[in-house]
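# Descriptive analysis of the structure
Here are the chains, one letter per residue:
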Amino acid sequence: MFHYLDGQLHAERVRLSEIAGAAGTPVYVYSSAVFASRFREFTEGLAGIDHLICYAMKANSNQAILRLLLGLGSGFDAVSAGEIERAAAAGAPGGRIVFSGVGKTGTELRQALDTGVRHFNVESEPELAMLSEIAASSGRVAPVAIRVNPDIDAGTHHKISTGKAENKFGVPVSRVREVYRQAAQLPGLRIVGLDMHIGSQITALAPFEAAFRRAAELVAQLRADGHRITRLDVGGGLGISYGDSDAQLPDAGQYCRLLQRTLAHLECEIEIEPGRYIAGPGGVLLTTVLYAKQGEGRRFLIVDAAMNDLHRTAIYGAWHDIQPLRQPRTDADPEEVDIVGPVCESSDTFARGRAMPPTQAGQLLAIRSAGAYGAVMASEYNTRALVPEVLVQDDRFAVVRSRPSIADIIARDIMPDWL
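We now turn to the structure provided with this report.

Reading guide: rules and limits
- Residues numbered from 1 in each chain as written.
- Predicted model: local features only at pLDDT ≥ 70, side-chain atom pairs only at ≥ 80, totals over all residues.
- Heavy atoms only, no water.
- Core = buried A, V, L, I, M, F, W, Y, C linked by side-chain atoms within 4.5 Å.
- Buried < 20%, exposed > 50% of the residue type's maximum accessible area, 1.4 Å probe, protein only.
- Helix = DSSP H or I, 4+ residues; strand = E, 2+ residues; numbered from the N terminus.
- Patch = residues over 30% accessible without salt bridge, like charges linked within 9 Å, V, L, I, M, F, W, Y side chains within 5 Å.
- Areas by Shrake-Rupley, 256 points an atom, 1.4 Å probe, with all protein chains shown as cover.
- Salt bridge = Lys/Arg side-chain N within 4 Å of Asp/Glu carboxyl O.
- Disulfide = S-S within 2.5 Å.
- Phe/Tyr/Trp six-rings, centres within 6.5 Å; stacked < 30°, edge-to-face > 60°.
- Lys NZ or Arg CZ within 6 Å of the ring centre and 35° of its normal.
- Pairing = 2+ DSSP bridges.
- Arc of directions from axis to C-beta.
- Contact = heavy atoms within 4.5 Å.

Moving on, we get to the nonpolar core. Counting residues in hydrophobic clusters, the biggest one holds 96 residues, and the most contacted among them are Phe42, Tyr55, Phe120, Leu232, Tyr255 and Leu259. Per-element tally for this core: the top contributor is helix α8 (residues 206-224), with eight residues. Counting 16 residues, the second largest nonpolar core, distinct from the first, contains Val14, Ala23, Leu325 and Val392.

In structure tokens, the structure reads:
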């Protein structure tokens, strides 16, 4: 719900310039209404079948966001012990947390058992053996779903592909039945389901259909082998528009109709793990133009946000739509600019050759669709403080993560006694 009203860009009914004035820039701003409406698209689309929407916390794990989604009935997909603690701190019971991740440590497995997570999405035979040993030695039983790598190309960026044979995730599809046979013989384990996730920012339904049909075939085979498969976790990955294309992307309704058509007959509880689709459009990164600089044949807008605040453009070459907070005049001729940050890296660039309305130092910009994989991936590179986060609901807003002081950052260093 980011829109111009009376010439100013708003989040719901709050002027973004008011938030920038109160919290400073750069600052992340989230719209409660967007998160809620995107989540409800899935709940409405999956009505009539047994399901649980497990929000993928890695997209945005601020506790205010988790509490908001929990209130809407969300479960959570966690990929670390830290994310399990975050979900629990936001009020989520263990039975609504699924524990995924390719490199779970023994300590994390013990903590997840103590929490009573819904189930473990196990990624390998060594992990299966470790979990069995830990659970059996403590007299407990761990519910498990084994993640299959279906060798399906999701057609997404190679850095966020997870379902091809060359990727590190899951058990090869050719060995799934054998691994389930092993799991059934191990103490301390209880097979409850099958897990599959083929990637992120998937912008077509065909890869999902191929994955869903393969999952349905595997469920039938595993049941024929004598395994009780009651849950099918099909992961997430539904992509969003970042403003770089006019193509019509599939929405949650279309995704859910496909899921219903291909999987409802299995009579499993269907678990999905959307993250970006819910969080991405729900956030913006506000930044101030520090300098307008004329280079040799190029004009630069140097802003106070940097690659350590929003990594996506640096590591994926990702596009984000960028808008001025003050609505531009319709007769203003655009200028071609590079929008860059202050970090001493050439990759600290948010846009190259971008057509923008005339923009000068001191103006505020909003980097759109920054609610996912923004604040959660941020760092303190160049001893830059982590960006604060603000949540908006209707006509009010609150800082839900504050900006640390530089003194706080430096104080975390510990000087050895010999210096």
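Past the structure itself, the notes keep going.
Together, Met415, Trp418 and Leu419 make up an exposed nonpolar region whose accessible area comes to about 480 Å². The residue Leu419 is located in the segment after α12 (406-411) in this model.

Before going further, it helps to examine the state of the cysteines. Linking two cysteines covalently via their sulfur atoms produces the bond known as a disulfide. Enumeration according to the criterion identifies zero disulfides in this entry. Left without a disulfide partner, Cys54 is nearest to the cysteine sulfur of Cys256, which lies 14 Å away. Residue Cys268 stays outside any disulfide, its sulfur separated by 14 Å from that of Cys54, the closest cysteine. A relative accessible area of 6% places Cys268 in the buried class.

Overall, the coordinates contain 19 salt bridges when judged by the stated rule. The closest approach of N and O atoms between Arg147 and Glu123, which form a salt bridge, is 2.9 Å. Of this pair, Arg147 sits in strand β9 (residues 142-149) while Glu123 sits in the loop between β8 (119-122) and α6 (125-137); the two residues are 24 residues apart in sequence, bridging distant segments of the chain. When sorted by exposure, Arg147 lands in the same class as Glu123, which is buried. Where salt bridges share partners, they join Arg118, Arg231, Glu269 and Glu271 into one cluster.

Time to look at the packing of aromatic side chains. This structure, assessed with the given rule, holds eight aromatic pairs. Judged by centre distance (5.1 Å) and plane angle (85°), the rings of Phe208 and Tyr255 are edge-to-face. Taken together, the residues Phe208 in helix α8 and Tyr255 in helix α9 (residues 252-263) connect sequence positions 47 residues apart. Like Phe208, the residue Tyr255 is buried in the burial classification. In this arrangement the basic side chain of Arg38 is found over the ring face of Tyr277, its NZ or CZ atom lying 3.8 Å from the centre.

Bringing the sheet that holds strand β2 (residues 8-11) into the picture now. On the basis of which strands lie adjacent, the open sheet formed by three strands has the order β1-β2-β3 and antiparallel pairing. Looking at strand neighbours, the two that pair on one side only are β1 (2-5) and β3 (14-15), the edges of this open sheet.

Another point: helix α5 (residues 106-115). Residues Gly106, Glu108, Leu109, Ala112 and Leu113 constitute the buried set of α5. Burial along α5 is one-sided: seen end-on, the buried residues are contained in an arc of 160°. Exposed and facing more than 90 degrees away from the buried side of α5 are Thr107 and Asp114. Turning to α5, the residues buried within the fold contact α4 (81-89), β7 (97-99), β8, α6 and β9. Phi turns positive, to about 75°, at Gly116, one or two residues after α5.

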